[in-house]
Amino acid sequence: MGLLKSIFTWWDGATIGTALFTRRHGGRVGEDSLGNVYFQAKKGSRRWVIYNGSNDASRVPPEWHSWLHNTIDAVPDEALPAPRAWEKPAVANRTGTPEAYRPAGALEQGGRRAAATGDYEAWSPN
């Protein structure tokens, strides 16, 4: 099933065409904490990523995003300072998942919002 899946699916990892192109024209540069693998063209400055799992751009950490977009030249491990103690690790976009943020008045949280404080007056036409 692995070969057929890689031929026909583009949303989960690399297709056969991408894997062949990468093997022929690219060189592996590094890997991030999420398991995404980064490549650079042997000729030229093209850079790309092969995701570990679903193809979602929010799964690229900020430091690798800067490398992909040629903001920094060297690999992030060499070019950037060590992370600060207050920095949190990057997380994938959670919109549309059960872990998404839902404020107190959202329907998924019971649909009850805080009572009005008396400073609101409903509009009515004259």
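For the structure itself, look to the data block above.
Residues numbered from 1 in each chain as written. Predicted model: local features only at pLDDT ≥ 70, side-chain atom pairs only at ≥ 80, totals over all residues. Heavy atoms only, no water.

> So what exactly am I meant to see when it comes to the packing of aromatic side chains here?
For any pair of aromatic rings, the description rests on two quantities: the centre-to-centre distance and the angle between the ring planes. With the rule as written, the count across this model stands at four aromatic pairs. Their ring planes at 5° and their centres at 4.1 Å tell us that tyrosine 38 and tryptophan 64 sit as a pair that is stacked. You can see tyrosine 38 sitting in strand β2 (residues 37-41) and its partner tryptophan 64 sitting in helix α3 (residues 62-68), a full 26 residues away along the chain. Classification of tryptophan 64 by relative accessible area gives buried; the value is 2%. Ring plane angle 85° and centroid distance 6.3 Å describe the contact between tyrosine 38 and tryptophan 67, whose orientation is recorded as edge-to-face. Taken together, the positions of tyrosine 38 in strand β2 and tryptophan 67 in helix α3 put the pair 29 residues apart, joining distant regions of the chain. You'll find tyrosine 38 and tryptophan 67 in the same group, each marked buried. The rings of Tyr38, Trp64 and Trp67 are connected pair by pair, giving a single aromatic cluster. Lying across the ring of tryptophan 48, arginine 46 places its NZ or CZ 5.2 Å from the centre. (Phe/Tyr/Trp six-rings, centres within 6.5 Å; stacked < 30°, edge-to-face > 60°. Helix = DSSP H or I, 4+ residues; strand = E, 2+ residues; numbered from the N terminus. Buried < 20%, exposed > 50% of the residue type's maximum accessible area, 1.4 Å probe, protein only. Lys NZ or Arg CZ within 6 Å of the ring centre and 35° of its normal.)

> Whenever I open this one, the side chain of asparagine 36 confuses me. Can you help?
Among the structural elements, asparagine 36 can be located in the loop between β1 (26-31) and β2. On the accessibility criterion, asparagine 36 (0% relative accessible area) is buried. In terms of polar contacts, asparagine 36 uses its side chain to reach the backbone carbonyl oxygen of arginine 59, at 3.1 Å. In contact with asparagine 36, other than residues within four places in its own chain, are Gly30, Glu31, Val49, Ile50, Tyr51, Asn52 and Arg59. (Polar contact = N/O pair within 3.5 Å; in protein donor to acceptor, adjacent residues only side chain to side chain. Contact = heavy atoms within 4.5 Å.)

> When you look at the environment of lysine 42 in this model, what are you seeing that I'm missing?
On the secondary structure map, lysine 42 appears in the loop between β2 and β3 (47-50). The exposure class of lysine 42 is exposed, given its relative accessible area of 58%. Counting along the chain gives 15 residues from lysine 42 to glycine 27, while the straight-line C-alpha distance between them is 6.2 Å.

> I keep staring at the nonpolar core and nothing clicks. Help me out?
Most often, soluble globular proteins keep nonpolar side chains buried together rather than apart. Counting nine residues, the largest nonpolar core consists of Tyr38, Val49, Tyr51, Val60, Trp64, Trp67, Leu68, Ile72 and Val75. With three residues, α3 is the largest single contributor of residues to this core. (Core = buried A, V, L, I, M, F, W, Y, C linked by side-chain atoms within 4.5 Å.)

> Could you clarify how one ought to interpret the side chain of serine 66 in this entry?
Within the secondary structure layout, serine 66 lies in helix α3. A distance of 2.6 Å separates a polar atom in the side chain of serine 66 from the backbone oxygen of glutamate 63. With near-sequence residues (within four places) excluded, serine 66 lies in contact with Thr71 and Ile72.

> What am I meant to see in the environment of histidine 65 here?
Relative to the helices and strands, histidine 65 resides in helix α3. Histidine 65 sits 11 residues away from proline 76 along the chain, and the two C-alpha atoms are 9.5 Å apart.

> What am I meant to see in the pairing of β2 here?
Remark: a regular strand shows side chains that alternate across the two faces of the sheet. With four of its five residues buried, β2 lies for the most part within the structure. Hairpin connection between β1 and β2: a loop of five residues separates the two successive antiparallel strands, and glycine 35 in this loop has a positive phi of roughly 95°. The antiparallel pairing of β2 with β3 creates a hairpin that spans five residues between the two strands, and glycine 44 there sits at a positive phi of about 100°. (Pairing = 2+ DSSP bridges.)

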